[in-house]
Amino acid sequence: MAVIPAQIFNQINDKSAEGLVLALASGDDGAVMEVQWCNRAFSRITGYSEAEAVGQRGTILVGPDVEQGVHLFIIEKLMNWENFSTRTLNTRKNGEVYWQRMRWTHLSDAETGDHWWLCSIVELEDQVVISGQSGSERPAVTDQESYERLVAKVHRLEKENTRLHKLAKSVARDANEDALTGLSNRRHFEVELKTWIENLKKNGTEFAVLYIDLDRFKFVNDTLGHDAGDRLLVSVASMLKELTTDSDLVARLGGDEFVILKPLAKSALNISSLADEIVQRMQAPFSCEGKSTACSASVGVAIAKTNMEDPEQVVADSDAALYHAKSQGKGRWSFFTEEMHAQSIATKQLASDLLVACERQEFIPYFQPLIDAQTGRIACAEMLVRWNHPTRGVLAPVHFLDTAANMGILKRVDENIFSSLHGALSRLDDAGVDLPRVAVNVSAARLADPTFIHDIKSSGISPDRLTVEILESVYLDRMGDVVRWTIDELDELGVTIALDDFGTGHASVRGLLEIRPAILKIDRHFIQLVVDDASARPLVASIIGIGKSLGMRVVAEGVETEEHARIVSDMGSDYLQGFYFGKPMSEDDLRDKLLENEGNFWPRRSVENSSKSVQQAG
Ligand code: C2E
Ligand code: CA
Ligand code: CA
């Protein structure tokens, strides 16, 4: 490369039509600078000679008439060492205001480590000046006046500059910080993640993503209150800060979700021990105003590697690992594996298939009989959803209901299946079978949907033939006004309410008192215990006792053998449901079964009981 002669440089100084300024930035903050040089065009435009300009702050380039928004924009760019160009007002030495286009270029000196700004200015002559007066109408100013004015102006500008500078800093901080914990917020995390991924691609800097989710945060919020919940989040944030270093990024993505980005050291050991430490620390009880509770955490870990095709995927990978840790029983951490990858692809496919299934109404009702423990006859049939999948056949809820719930479309599934119930009942009635009532499962989202009551009213199904099964966990979720109203309306209409899966949720008795159902369904896990484990019988007996003492009728679910049926009916169950009497079956199978047994599912029972009553009568 030819050495450019000094003469040529001098001519740039003399002949360039653009005003040029070189300013030396203070080491760590691009918005603070001191002018070191300017060319003639700059002096011509602004009226400041080189001697006057040198030593001035950046305010000489941006007049006081600049709108605050533009000023903030400029400061933000400068602070971030970004090249940019913008149109602004500026003030000449003589007080005249003019429009300029300015372009800022960041230069750095590798030898000294100094940072410089090159600012070039072009006057925009055809712009209308909004404030100030034109030069010709202005009275001439003496040197003394002009000097005093200048000093005053510099002071004013410097004050303004400092104020805006502080403001810009705090705006920048607020925009990046989670207000509650002081950690990075989601926005900042996303910006940082991009940078980390660019570094990975450019420099091969691999890193780990740890996705952290508290296991029982809702429970803490619901039982100890929101203040306690907030305090828990703050203490988790400070624990995470304590366990990480300045080179890691710790963010709260919202709610009780946190994420850590950590550069990968030579071994992955420090990552696993960090994940382990987080899980361990979260096992310790958390106390708040004298009350103490436990709130474990689960962690999913994935590594962004140089050989990854799609490193942007790493956060979704860590989320899949988190999901795995949760499904393995929570309070633990897992590493992302290829299997999980396949799983997450399958889940995505399932999600899109489910949307199509809703459109095409591919959900069909199956029915499982509930038996009257006294007579052995069918008392009700529970409608259980099945997905009539175009290629995979009839699928049970375990294959799709969780995904539908995560996608927020469980409500649509419930709507879909409920709309088919009236037709099914009419056909069964027409076939001459005796089906006294039918029970439907409703999700929390469906209960919180005001159209549910309308759908029941317009369904053509008689309300006194309908039972609505509510999951016990619903009241913890959203016993909001709409749910409360829905439950009251159901009562009013004469629909029977059953509380499902009793005993599996938290604080069961509270749910019971809040919903006051007519029917209590005891979860099949309790029922299955009574045969294998005699010591469990008092527990099950007391659960049945609670329901009975509140005037409820009790259903035992999961009755698989005659022994089960006998034990739980002797304990006081009013109704029995389970594979012993029948698995969930299609409408046609239910019809055939009922035609065949005439509604009698436990013949020996009906014989025993009728002979008992004959003996009693005799
Ligand atoms: P659930 O309401 O507790 O329904 C009873 C589940 O227990 C049924 O599983 C049934 O097949 C199974 N079961 C019945 N008797 C026995 C038995 O003797 N032994 C064993 N091991 N299992 C038995 P299914 O049909 O797979 O339904 C699973 C869950 O899916 C239901 O549990 C319910 O929570 C949900 N679900 C089903 N249909 C719907 C629906 O239409 N809407 C909503 N929101 N949820 C539904
Ligand atoms: Ca149920
Ligand atoms: Ca159940």
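Calculation notes
Residues numbered from 1 in each chain as written. Chains lettered and ligands numbered in written order. Predicted model: local features only at pLDDT ≥ 70, side-chain atom pairs only at ≥ 80, totals over all residues. Heavy atoms only, no water. Patch = residues over 30% accessible without salt bridge, like charges linked within 9 Å, V, L, I, M, F, W, Y side chains within 5 Å. Areas by Shrake-Rupley, 256 points an atom, 1.4 Å probe, with all protein chains shown as cover. Salt bridge = Lys/Arg side-chain N within 4 Å of Asp/Glu carboxyl O. Helix = DSSP H or I, 4+ residues; strand = E, 2+ residues; numbered from the N terminus. Buried < 20%, exposed > 50% of the residue type's maximum accessible area, 1.4 Å probe, protein only. Pairing = 2+ DSSP bridges. Donors = N, O, S within 2.8 Å, 3.2 Å for Na, K, Ca; no water. Expected span 1.5 Å × (residues − 1). Arc of directions from axis to C-beta. Axes fitted to C-alpha atoms, helices over the stretch in contact; angles between N-to-C directions. Phe/Tyr/Trp six-rings, centres within 6.5 Å; stacked < 30°, edge-to-face > 60°. Lys NZ or Arg CZ within 6 Å of the ring centre and 35° of its normal.

1. Examining a nonpolar patch on the surface
- A grouping of Ile8, Phe9 and Ile12 is seen on the molecular surface, where their side chains present a nonpolar patch of about 270 Å² in accessible area.
- In this structure, isoleucine 8 sits in helix 1 (residues 6–15).

2. Comments concerning the pairing of strand 3 (residues 84–91)
- Where burial is concerned, most of strand 3 is hidden: six out of the eight residues are buried.
- Two elements, strand 3 and strand 4 (residues 97–108), share eight bridges in a ladder whose sense is antiparallel. Bridge pairing in strand 4 links threonine 91 to valine 97.
- Counted along the chain from strand 3 to the antiparallel partner strand 4, the turn is five residues long, and its residue glycine 95 has a positive phi close to 95 degrees.

3. As for the pattern of salt bridges
- Applying the stated criterion across every chain, the model contains 31 salt bridges.
- We note a salt bridge from aspartate 455 to arginine 446, for which the minimum N-O separation is 2.8 Å.
- For the salt bridge of arginine 591 with aspartate 588, the shortest nitrogen-to-oxygen distance reads 3.4 Å. Taken together, the positions of arginine 591 and aspartate 588, both in helix 23 (residues 587–597) and three residues apart, correspond to about one turn of that helix.
- Given a relative accessible area of 26%, arginine 591 falls into the partly exposed group.
- The network of salt bridges with common partners includes Lys411, Glu415, Arg446, Asp449 and Asp455.

4. What about the environment of histidine 115?
- Mapped onto the elements, histidine 115 comes out in strand 5 (residues 115–123).
- Separated by 86 residues in the primary sequence, histidine 115 and aspartate 29 place their C-alpha atoms 9.5 Å from one another.

5. Observations concerning the coordination of the calcium ion (ligand 3)
- For the calcium ion (ligand 3), the full set of protein donor atoms is Asp500 (OD), Asp501 (OD), Glu557 (OE) and Glu557 (OE), at a range of 2.1 to 2.7 Å.
- Here the donor residues for the calcium ion (ligand 3) map to a single chain with the spacing D-D-x55-E.
- If you look at the calcium ion (ligand 3) and the calcium ion (ligand 2), they sit 4.0 Å from each other and are both ligated by aspartate 500. Here aspartate 500 is found in strand 18 (residues 496–502), whereas its partner glutamate 557 is found in the loop between strand 20 (553–556) and helix 22 (562–570), with 57 residues between them in sequence. The same class applies to aspartate 500 as to glutamate 557, namely buried.

6. Focus: the coordination of the calcium ion (ligand 2)
- All of the protein donors around the calcium ion (ligand 2) are Glu382 (OE), Asn441 (OD1), Glu469 (OE) and Asp500 (OD); their distances to the metal are 2.1 to 2.3 Å.
- Taken in chain order, the donor set of the calcium ion (ligand 2) reads E-x58-N-x27-E-x30-D.

7. Some details on the pairing of strand 19 (residues 519–522)
- Every second residue of strand 19 is oriented toward a common face, with Ile519 and Lys521 on one face and Leu520 and Ile522 on the other, all of them buried.
- By the bridge criterion, three bridges tie strand 18 to strand 19 in an arrangement that is parallel. Bridging from a neighbouring strand, leucine 499 pairs with leucine 520 of strand 19.
- Relative to strand 20, strand 19 runs parallel, the two being bridged by four bridges. Paired with isoleucine 519 across the strands is arginine 553, a residue of strand 20.

8. Some thoughts on helix 18 (residues 481–493)
- Here helix 18 contains 13 residues, and its C-alpha end-to-end distance of 18 Å stays within 8% of the 18 Å for a straight helix at 1.5 Å per residue.
- What helix 18 keeps buried is the set Val483, Thr486, Ile487 and Leu490. Looking down the long axis of helix 18, one finds its buried residues gathered within 95 degrees of arc, a one-sided arrangement. Every exposed residue of helix 18 that faces more than 90 degrees away from the buried side is listed here: Asp481 and Glu492.
- Note on helix 18: the residue one or two positions beyond its end, glycine 494, has a positive phi of about 95 degrees.

9. Some details on the sheet that holds strand 1 (residues 19–26)
- Spatial strand order, 2-1-5-4-3: five strands in an open sheet with antiparallel pairing. The two strands at the open ends of the sheet, each matched to only one other strand, are strand 2 (29–38) and strand 3. Neighbour-to-neighbour, the strand axes of the sheet open up by a mean angle of 35 degrees, direction not taken into account.
- With seven bridges joining them, strand 1 and strand 5 adopt antiparallel strand pairing. What sits directly across from leucine 22, in strand 5, is leucine 118.

10. Looking at the packing of aromatic side chains
- Counted according to the given criterion, the structure contains 11 aromatic pairs.
- A centroid spacing of 5.5 Å and a plane angle of 80 degrees characterise the contact between tryptophan 387 and phenylalanine 400, whose relative ring orientation is edge-to-face. Of the two residues, tryptophan 387 sits in strand 14 (residues 378–389) while phenylalanine 400 sits in the loop between strand 15 (393–395) and helix 12 (401–407), which places them 13 residues apart along the sequence.
- An aromatic cluster of three or more residues is present, and its members are Trp81, Phe84, Trp104 and Trp117.
- The ring of tryptophan 99 is capped by arginine 87, whose NZ or CZ atom sits 4.1 Å from the centre of that ring.
- A cation over an aromatic ring shows up here: lysine 583 above the ring of phenylalanine 579, its NZ or CZ 4.8 Å from the ring centre.

Read these as layout, nothing more, since geometry by itself doesn't imply function.
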